[in-house]
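# What the coordinates show
Spelled out from the first residue to the last, the chains are:
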Amino acid sequence: MREDTIGRANVEDTPELERYYAELGRQESYALWTVANDIEPWQPKPASLPTVWRYEAMRPLVLKALDLVSPEKAGRRVIALENPGRKGTSACVGWLYSGLQVMRPGEFATAHSHASSALRFIIEGRGAYTVVDGHKMELNGGDFVITPNGTWHDHGVDAGGDTTIWQDGLDMLLVNQLDANFYAVHPEHVQKSNTPVDDTVALYGGPGLLPAGGEGWNKPYSPLFKYEWGRTYETLQKASKASDGSPYDGIMMQYVNPATGGPVMKTLGACIQLLRAGERTKAHRHTGSVVYTVAKGSGHSVIAGRRYDWKKNDIFVVPSWAWHEHANASDRDDAVLFSFSDIPSMKALDLYREEALAENGGQQTPVH
Ligand code: GTQ
């Protein structure tokens, strides 16, 4: 695309140039000025579109998969979310992948590991479990669990549990863009759990307490593999009484690696935020793509100038650098949004930027 600005490409096509471009193409080359303005945008120009996946519509389709394929045949029985602006890329938003995985009581998916990192948010069900490097965790609605880069992981639902649907989030599309993915299946298909159930929660999930002495943790991800809903929600409620939170995000907490205070994994991070009764946030934008899941309540978000209504279990996305603000629909109850993002990747690469919308509609204020 030509641009009439000094320093930008502005070359008119001529028959001679077109012949020249064809000649370059035969030598696996091209003239930079034919694409320069597209590959060096003035600011992020995501092809991903703000989108809402309504749980009401998705749930019956996800449950239908129970009768159509087995976890053994499918590997993972997942209905993945595809962004309408990114057909064919498997992306939910940006280079984030997300899908809804479903399992019946007594079913399991075999153990594997990959160079990509994964996280899960339990949407509904009871008695599900994930085993991460031999540590078994019980999972119930609203729990958040990580299966970091390189860890063995398998999951299932106990015979006495209920059919469970959880949301997977992975960085695999980003890792594939970087040509850095590896995949392995566990030699025993299902890991033996060799420690007490939920031991990492017991050991690393104390209130401001970590093991002293020789049990230091030096892996590049959180030792606390699971973050339980009950304590998470209680923390948000307490925080909402202690603080006004952020004008852009309400009461927002990051799930952290307790050993560092940083994000749970190097590439992916997750947050939980509470919008108080009647709360409506101010608009801001930042680099990094975000996938939100409504954990409680209902409301709407204005994303890139359009309103998207949401209620419990709906999933919606905010593309990188899109203005967004959130509103709780209720004047009585709080609303809670779970979200995961590639913001830790942005920060690690020094690509994170954030901006607040100026109140007077004029100059924007950089926040960072
Ligand atoms: O369980 O690690 O939804 O490898 C897609 C790919 C989940 C997983 C998915 C995966 C996983």
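Computed from a prediction, not measured in an experiment: that's the story for all the values here.

## Here's the deal with the overall build of the chain
Counting its secondary structure elements, the chain contains eight helices and 21 strands. In terms of overall dimensions, the chain is globule-like: its C-alpha atoms have a radius of gyration of 23 Å, near the 21 Å expected for 368 residues. In terms of principal-axis extent, the alpha carbons of the chain reach across some 75 × 50 × 50 Å. A burial count over the chain gives 48% of its 368 residues as buried. Expressed as a percentage of contacts within the chain between residues at least 6 apart in sequence, the contacts between residues at least 24 apart total 73%. Accessible surface for the chain amounts to roughly 18,300 Å². Of this, 54% is attributable to carbon and sulfur atoms. Averaging the locations of the 36 positively and 45 negatively charged side chains of the chain gives two centres separated by 4 Å.

## Section: helix α1 (residues 15-26)
Taking 1.5 Å as the rise per residue, α1 with 12 residues should run 16 Å; its terminal C-alpha atoms sit 17 Å apart, in good agreement. Where α1 terminates, the next one or two residues include glutamate 28, which has phi positive at roughly 50°.

## With respect to the layout of surface pockets
Volume-wise, the largest pocket comes out at about 590 Å³. In terms of lining residues, the largest pocket is bounded by 24 residues, among which Gly205, Leu224, Tyr227, Arg231 and Thr235 are the most central. Looking at the lining of the largest pocket, the elements that each hand over two or more residues are α6 (199-204), β10 (226-227), α7 (229-242) and β11 (251-254). Examining the composition of the lining of the largest pocket, we find that six residues originate from one element, α7, more than from any other. Grouping the constituent residues of the lining of the largest pocket by class yields 13 nonpolar, six polar and five charged.

## Concerning the packing of aromatic side chains
Tallied over the entire structure, the rule returns 15 aromatic pairs. Three or more aromatic residues joined by ring pairs make a cluster, and in this case those are Phe121, Phe144, Tyr227, Tyr255 and Phe338. Sitting above the plane of the tryptophan 95 ring, arginine 86 keeps its charged end 4.6 Å from the centroid. If you follow lysine 347 out to its NZ or CZ, it ends over the ring of tyrosine 352, 4.7 Å from the centre.

## Here's the deal with the pattern of salt bridges
A complete count under the given rule lists 21 salt bridges for this structure. Between aspartate 244 and arginine 276 there is a salt bridge, and its shortest N-O distance comes to 4.0 Å. On the criterion of sequence distance, the pair formed by aspartate 244 in the loop between α7 and β11 and arginine 276 in the loop between β12 (269-275) and β13 (284-286) is long-range, its members being 32 residues apart. You can call aspartate 244 exposed: its relative accessible area is 64%.

Reading the values: rules and limits
- Residues numbered from 1 in each chain as written.
- Predicted model: local features only at pLDDT ≥ 70, side-chain atom pairs only at ≥ 80, totals over all residues.
- Heavy atoms only, no water.
- Helix = DSSP H or I, 4+ residues; strand = E, 2+ residues; numbered from the N terminus.
- Rg over C-alpha atoms; globule rule 2.2 N^0.38 Å.
- Buried < 20%, exposed > 50% of the residue type's maximum accessible area, 1.4 Å probe, protein only.
- Contact = heavy atoms within 4.5 Å.
- Areas by Shrake-Rupley, 256 points an atom, 1.4 Å probe, with all protein chains shown as cover.
- Lys, Arg positive; Asp, Glu negative; His and termini not counted.
- Charge placed at Lys NZ, Arg CZ, Asp CG, Glu CD.
- Expected span 1.5 Å × (residues − 1).
- 1 Å grid on protein atoms, 1.4 Å probe; cavity = no way out; pocket = protein on both sides within 12 Å on 5 of 7 lines; lining within 4 Å.
- Points joined across faces, edges and corners; volume = space filled by probe spheres on them.
- Nonpolar A, V, L, I, M, F, W, Y, C, P; charged D, E, K, R; others polar.
- Phe/Tyr/Trp six-rings, centres within 6.5 Å; stacked < 30°, edge-to-face > 60°.
- Lys NZ or Arg CZ within 6 Å of the ring centre and 35° of its normal.
- Salt bridge = Lys/Arg side-chain N within 4 Å of Asp/Glu carboxyl O.

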